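Commentary on secondary and tertiary structure
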Amino acid sequence: MKRAALLLLFLLPALAAHAQLKTGGLGGSGLNRRPAAPMVPGAPGASVTPGVSTQQSMPPPANGVAANGILLEAGWDKRVTGPARAANRDMADLRLCLAQYGKPAADLELHPDAQVFPGVAYLTPLKTAEAAIAKQVGGGFGLAGEFTIATEGFPLGLRFRKYDRGSLGIGANTHVYLLVDGANRVISTAFTGRGAPKFVPPGFVPPPFVDLATGLHRNDLIDKSDGGARASVADARDRGKFVIVYLQGKRNVTWYVPEPLIHLVLYCSQL
C-alpha cells in the first residue's frame, strides 16, 4: 500500500499538466499560445481557393505593350506639349534632320529588321550590342558615364551610355554613345570627336550624304550641346532601315538612327 501511494503521488503532477494542455489551460491559453506562421500559397497544407491564382500579377510595362517592344516611361510623349513645341529648338533640329525619312508614329514594336549600326539589330541587348560594335570598330570601350537623354523630342525613359575609346586625339571619333531603352536594349548609336570625320565601319559604304540647307541650333542632338552645327544625312533605309546624321560643330557627331526611333522622335516633336 505504501509503495502504491508513493507511485500515485509521483504521477499526479504529470497527469495534471496533461489535463491542462488538453483543456486549453495555461500553456494552451490564448495569452501564451505562439501565433501560427502564415501559410504560403502552394506550400504543403495550404488551402487554395479553386479558380483563384496564388501568384501576384506583374504590372504591365509603362507603354502598355509587350515587354519585347521598346520600353518607355509612362507619359513618354508628354515632355513638351502644346504651342511650346513650335518654339522648341531641340524639336526643330530633330524635325529638320529626320522629317524626310519617316512619319510621326507611336511605333513601339520590336522591328528586328531595323539596325542601330550595320549588322546590329534594333533593341539588341546592351552587352551583345557592345561586343558586336566593338568588334567592328576595333578595341574595347571604356565606360565614361550614363545619362538620361535631356533633348526634348526624344521619348521619356531613354538613356545614353557614353564610352571612351582610349587615347585617340583631336581629329578622331574619341567617344561612342549607345542609346538604350528601359530594358537596357540598344535603340541607336553615335560616334563623336572634335574635328572627327564621318564614322562608318570597315567594309560598309554609306549612301551619299545630303547637306541640309539650314543650320542647327544644337551641336549635339543627343548630349544637348549648344553652339550650332551644319548637318548632312545619308539615307540607308534600303540597307538596314536606318539613316546616318552627320553634324559638324564644336564636336562632330555621326548618328545612326533606325526607322522606329525616327517615327517616335517625329511623333514626340510634331507640331
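The rules we used
- Residues numbered from 1 in each chain as written.
- Predicted model: local features only at pLDDT ≥ 70, side-chain atom pairs only at ≥ 80, totals over all residues.
- Heavy atoms only, no water.
- Helix = DSSP H or I, 4+ residues; strand = E, 2+ residues; numbered from the N terminus.
- Contact = heavy atoms within 4.5 Å.
- Buried < 20%, exposed > 50% of the residue type's maximum accessible area, 1.4 Å probe, protein only.
- Salt bridge = Lys/Arg side-chain N within 4 Å of Asp/Glu carboxyl O.
- Expected span 1.5 Å × (residues − 1).
- Arc of directions from axis to C-beta.

Another point: the environment of L212. Of note, L212 is situated in the loop between β8 (209–211) and β9 (216–220). Between the alpha carbons of L212 and C97 there is a distance of 7.7 Å; along the sequence they are 115 residues apart. Sequence-distant contacts of L212, that is, excluding residues within four places in its chain, are made with L96, C97, A231, S232 and V233.

Let's shift gears to helix α6 (residues 259–269). Burial runs high along α6: ten of the eleven residues are buried. Every buried residue of α6 is listed here: E259, P260, L261, I262, H263, L264, V265, L266, C268 and S269.

To continue, consider the pattern of salt bridges. One pass over the structure, following the stated rule, counts 15 salt bridges. When the shortest N-O distance is used, the salt bridge between D226 and R218 registers 2.0 Å. What you see here is one network of salt bridges that share partners, running through D90, E152, R218, K224 and D226.

As a further point, take helix α4 (residues 126–137). Between its terminal C-alpha atoms α4 stretches 16 Å, which fits the 16 Å expected from twelve residues at 1.5 Å a residue. Among all positions in α4, only L126, A129, E130, I133, A134 and V137 are buried. Here the buried residues of α4 occupy an arc of 125° about the axis, which is enough to place them on one side. Opposite its buried face, α4 presents the exposed residues K127, A131 and K135, each directed more than 90 degrees away. Looking at the residues trailing α4, positive phi occurs at G138, about 90°.

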